Amino acid sequence: MRVLLAIACLWLLSGCAATRPAEIGRSIHQAPIVAEDHGRGRARVYLIGLIHGDEPEGYQALDDIRRLLRRHPGIRVRLVPDMNPDGRLAGTRGNARGVDLNRNWPASNFTPHPQRGESPLSEPEARAVHDDLLAFRPDVLIVLHSITRGGPFVNFDGPDPAADLARVFADAAGATGDPRWRVVPSMGYPTPGSLGTFAGTDMVIPTLTVEFERGHDPETARQAAVAGIDAVLARLTATRRRPPAPLPFLP
Ligand SMILES: [Zn+2]
């Protein structure tokens with residue numbers, strides 16, 4: 001009885017809004033790829049903490065992000081902390097076969113290439129997240145990256161409210177003390193087979209690609225990540241609560 005009581009207390013203290021991580025697939029080296037559910041609301045956000053193995057900034061902020069999610073129980077967030085465990089351990093952009101997991105998607109602009117894979121979803125990591133993403137059917141997708149030059153910024157793909165949420169993220173991240181945060185509508189180079197093109201353009205899921213500055217102070221990135229995601233979730237909550245527009249006056 002005491003044990004049950006202790007578990008119940010821990011559950012309540014944890015915010016009782018997160019489920020145990022579920023394995024959604026395995027990497028080439030058989031590392032599990034997991035997804036965690038946070039919150040229970042109707043608005044649905046899919047969040048990927050790491051896709052390029054040499055971009056750890058978002059991944060390093062995940063404990064703070066999990067704490068933040070407890071403050072937004074009205075939004076259901078499915079978090080994939082790390083979709084490239086082999087690349088993260090090796091410190092490489094791609095997976096263990098050298099394929100860029102952000103170019104291996106069945107996007108309308110996919111073309112085969114050794115660094116993109118011989119076909120869309122040829123890589124088990126991309127397949128796992130693709131199937132989980134489509135099953136979850138998010139209202140918004142957020143993917144955390146970092147970039148050597150030109151960062152930090154938020155790029156977006158897809159329909160409204162993608163542009164608005166990118167602005168909300170960049171403004172909140174910038175308010176933490178790094179005024180360079182801005183919205184960049186286009187990456188400025190072709191991205192065949194990218195997740196942003198697949199999810200945002202082809203599947204019309206508003207998609208934010210967040211680019212922290214690579215190798216910068218991790219604490220700065222952590223504060224920006226938490227502030228940006230907090231602001232996006234608050235905006236989604238406010239949008240959901242907005243009363244329906246009044247009916248037009250009919251004479
Ligand atoms: Zn990246």
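Everything numeric here is computed off the predicted structure, so don't read it as measured data.

Trainee: Lay out the confidence of the model for the protein chain with the relevant residues and their values.
Mentor: Of the residues in the protein chain, 89% have a pLDDT of 70 or more, and the chain-wide mean is 91. Scored below 50 in pLDDT, residues 3-16 shows three contacts in the model against residues more than four places distant or in partner chains.

Trainee: Please set out the sheet that holds strand β4 (residues 75-80) residue by residue, giving values where relevant.
Mentor: Taken in spatial order, the eight strands of this open sheet run β1-β2-β4-β3-β5-β8-β6-β7, and their pairing is mixed. Sheet topology places β1 (22-26) and β7 (182-184) at the edges, where each strand pairs with a single neighbour. Taken over all neighbouring pairs, the strand axes of this sheet differ in orientation by 25 degrees on average, direction set aside. Pairing analysis gives three bridges linking strand β6 (residues 153-157) to β7, with the strands arranged parallel.

Trainee: Tell me about the nonpolar core, residues and numbers included.
Mentor: I142, F169 and L208 are the most contacted members of the largest nonpolar core, which has 59 residues in total. In contact with F169, other than residues within four places in its own chain, are V154, L208, V210, G228, A231 and V232.

Trainee: Now, about helix α5 (residues 124-136): what can you tell me, with residues and values included?
Mentor: Along its 13 residues, α5 runs 18 Å from first to last C-alpha, staying within 8% of the 18 Å computed at 1.5 Å per residue. At its buried positions, α5 is contacted by β1, β2 (32-38), β3 (43-48) and β4.

Trainee: If you had to explain the pairing of strand β8 (residues 207-213) to someone new, which residues and values would you point to?
Mentor: Residues in a regular strand project their side chains so that they alternate between the two faces of the sheet. Burial within β8 is extensive, with seven of its seven residues counted as buried. Along β8, one buried face is formed by T207, T209, E211 and E213 and the opposite face, lined by L208, V210 and F212, is buried too. Of the pairings in the sheet, the one linking strand β5 (residues 140-147) to β8 comprises seven bridges and is parallel in character. Its bridge partner being in β8, S146 is matched across the sheet by F212. Here five bridges tie β6 to β8, and the two strands are oriented antiparallel to one another. When the sheet's bridge partners are listed, N155 is paired in β8 with T209.

Trainee: Break down the pairing of β6 for me, with residues and values.
Mentor: With respect to burial, β6 is a largely interior element, five of its five residues being buried. Each parallel crossover has a hand, and the one from β6 via helix α6 (residues 162-174) to β7 is right-handed.

Trainee: Tell me about unusual backbone geometry, and please be specific about residues and values.
Mentor: Backbone torsion omega between G151 and P152 reads 0 degrees, so that peptide bond is classified as cis. Relative to the helices and strands, P152 resides in the loop between β5 and β6. The omega torsion of the bond from D160 to P161 falls at 5 degrees, within 30 degrees of zero and hence cis. Mapped onto the elements, P161 comes out in the loop between β6 and α6. Even without a glycine there, the phi angle at L121 is positive, about 60 degrees.

Trainee: Describe the environment of E123, listing the residues and the values that go with them.
Mentor: Mapped onto the elements, E123 comes out in the loop between α4 (85-90) and α5. Sequence separation of E123 and V99 is 24 residues, and the distance between their C-alpha atoms is 7.7 Å. Other than its neighbours up to four places away in sequence, E123 contacts N95, R97, V99, L101, N104 and G117.

Trainee: Talk me through α6; I want residue IDs and the actual numbers.
Mentor: Each α-helix turn comprises 3.6 residues. Residues three or four places apart therefore point the same way. End to end, α6 covers 18 Å across 13 residues, agreeing with the expected 18 Å (1.5 Å per residue, within 8%). Taken residue by residue, α6 has A162, L165, A166, V168, F169, A170, A172 and A173 as its buried positions.

Trainee: Give a description of the environment of G91 that names residues and reports values.
Mentor: Here G91 is to be found in the loop between α4 and α5. Residues G91 and P56, 35 residues apart in the sequence, show an inter-C-alpha distance of 9.0 Å. Setting aside anything within four residues of it in sequence, one finds G91 in contact with G53 and D54.

Criteria and thresholds
- Residues numbered from 1 in each chain as written.
- Predicted model: local features only at pLDDT ≥ 70, side-chain atom pairs only at ≥ 80, totals over all residues.
- pLDDT = per-residue confidence, 0-100.
- Contact = placed C-beta atoms within 7 Å.
- Pairing = 2+ DSSP bridges.
- Helix = DSSP H or I, 4+ residues; strand = E, 2+ residues; numbered from the N terminus.
- Axes fitted to C-alpha atoms, helices over the stretch in contact; angles between N-to-C directions.
- Core = buried A, V, L, I, M, F, W, Y, C linked by C-beta atoms within 7 Å.
- Buried ≥ 20, exposed ≤ 12 C-beta atoms within 10 Å, placed from the backbone.
- Expected span 1.5 Å × (residues − 1).
- Right-handed = clockwise from strand over helix to strand, strands pointing away.

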